[in-house]
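Secondary and tertiary structure notes
Each chain, letter by letter, is given below.
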Amino acid sequence: MSGTEPLSGAGKGALETVISAVKTQAPGRGLPPVHLWNPAHSGDIDIVIQRSGLWVHEGRPIGREALVRLFSTVLRKDPDGFHLVTPVEKMRITVEDAPFVAVRVDHLRDAGGRPVLRFLTNVGDEVDAGPENPIRVEIDAHTGEPRPYVHVRRGLEALIARPAFYELAELAEERELPDGPTFCVESGGVWFAVAPSGVELQ
């Protein structure tokens, strides 16, 4: 058995149930409608999504990229935490920070010529920042460094990787906000604050 084999130990049956449930979704319909599924809570699974975006099962990295993407499509954030959800089971997992990482940002224009920031996540999602998918930045209490996020879908966010955030920093313009001068970026007709004026973004 390889060090990246994900289906081992007590969680094997539960994970196989998730795989089977997702694969029954007809192709071409996009993401499964996990927001419409209301199964009873079936327990916890020893899956951790690390701050780096790495998925780990029972202490071992899940080495199959296609399997990680499959699991990501049935990930849901509920008031009591993050779960893998199927029509018949709901299994809680651990997420150390955001469940996804935005590894790339493309600078586009919409039909009206407005800037659009399109992010690509580590699990293959593409999301355009805007009113439905805002960018937000927290300041790490321990390091003082910015931790930027973009909303992906239904409460699930992606941590914006450092190289992508540097690209945002290069685009940032100073704007006067109620809290004072602030560096902001525009996408989808919305300006998003990325740092107070005077803060070194790189």
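Here, the structure is the one placed above.
The rules behind the values
Residues numbered from 1 in each chain as written. Predicted model: local features only at pLDDT ≥ 70, side-chain atom pairs only at ≥ 80, totals over all residues. Heavy atoms only, no water. Salt bridge = Lys/Arg side-chain N within 4 Å of Asp/Glu carboxyl O. Helix = DSSP H or I, 4+ residues; strand = E, 2+ residues; numbered from the N terminus. Buried < 20%, exposed > 50% of the residue type's maximum accessible area, 1.4 Å probe, protein only.

Bringing the pattern of salt bridges into the picture now. Applying the stated criterion across every chain, the model contains 13 salt bridges. One salt bridge connects Glu 65 with Arg 69, and the closest N-O pair in it is separated by 2.9 Å. Here the residue Glu 65 and the residue Arg 69 both occupy positions in helix H2 (residues 65–72), the gap between them amounting to four residues, near one helical turn. A relative accessible area of 51% means that Glu 65 is categorised as exposed. A residue is classified by how much of its surface remains accessible, and Arg 69, at 36% relative accessible area, is partly exposed. With a closest N to O distance of 2.8 Å, Arg 114 and Asp 110 form a salt bridge. In this structure Arg 114 comes out as partly exposed when scored by relative accessible area, which is 42%. For Asp 110, a relative accessible area of 24% puts it in the partly exposed group. Each of the salt bridges in this network shares a partner with another, and the network as a whole consists of Asp 44, Asp 80 and Arg 92.

Interpretation note: all reported values are geometric properties and have no functional meaning in isolation.
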